[in-house]
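# A closer look at the structure
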Amino acid sequence: MKKDEMHLGDHVYVICRNPHTASVAMIQEAEVADNPNKAGDKALFLYELYYEFADEDAIFPTFDEAQRVYRQIYDED
């Protein structure tokens, strides 16, 4: 899902890696919010922090879609 397809207030699902354990990833819900560092831009509000969008972000409109891709990547049932 691309940034320009999202609207402020949308709830999306992100596949995140654990920064402390690189082999651990999870699906987290995030909200699309105003970027406090760049007026007129959007950011992801996740873990009580704002994250700027990156091209490599794995963002999905539904949990089911995120879970399907997660299982493809991590080969889980």
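Up top is the structure these notes are about.
Please read all numbers here as calculations on a predicted model, not as lab measurements. (Residues numbered from 1 in each chain as written. Predicted model: local features only at pLDDT ≥ 70, side-chain atom pairs only at ≥ 80, totals over all residues. Heavy atoms only, no water.)

### Some thoughts on the overall build of the protein
Check the secondary structure of the protein and you find one helix and five strands. Put simply, the protein runs from its N terminus to its C terminus through helices and strands in the order β-β-β-β-β-α. For the protein, whose C-alpha radius of gyration is 13 Å, the value lies close to the compact-globule estimate of 11 Å for 77 residues. Overall, the protein is about 40 × 25 × 20 Å in size when its C-alpha atoms are taken along their principal axes. The buried share of the protein, taken over its 77 residues, is 29%. (Helix = DSSP H or I, 4+ residues; strand = E, 2+ residues; numbered from the N terminus. Rg over C-alpha atoms; globule rule 2.2 N^0.38 Å. Buried < 20%, exposed > 50% of the residue type's maximum accessible area, 1.4 Å probe, protein only.)

### A short note on the layout of surface pockets
Volume-wise, the largest pocket comes out at about 230 Å³. Only β1 (11-17), β3 (42-46) and β4 (49-52) provide two or more residues apiece to the lining of the largest pocket. Among the elements that line the lining of the largest pocket, the one with the most residues is β1, at four residues. Classifying every residue of the lining of the largest pocket gives nine nonpolar, one polar and three charged. Taken as a whole, the second largest pocket spans an internal volume of roughly 160 Å³. Taken together, Met1, Lys2, Lys3, Met6, Phe53, Ala54, Asp55, Asp57 and Ile59 make up the full set of residues lining the second largest pocket. Considered class by class, the residues forming the lining of the second largest pocket number five nonpolar, no polar and four charged. (1 Å grid on protein atoms, 1.4 Å probe; cavity = no way out; pocket = protein on both sides within 12 Å on 5 of 7 lines; lining within 4 Å. Points joined across faces, edges and corners; volume = space filled by probe spheres on them. Nonpolar A, V, L, I, M, F, W, Y, C, P; charged D, E, K, R; others polar.)

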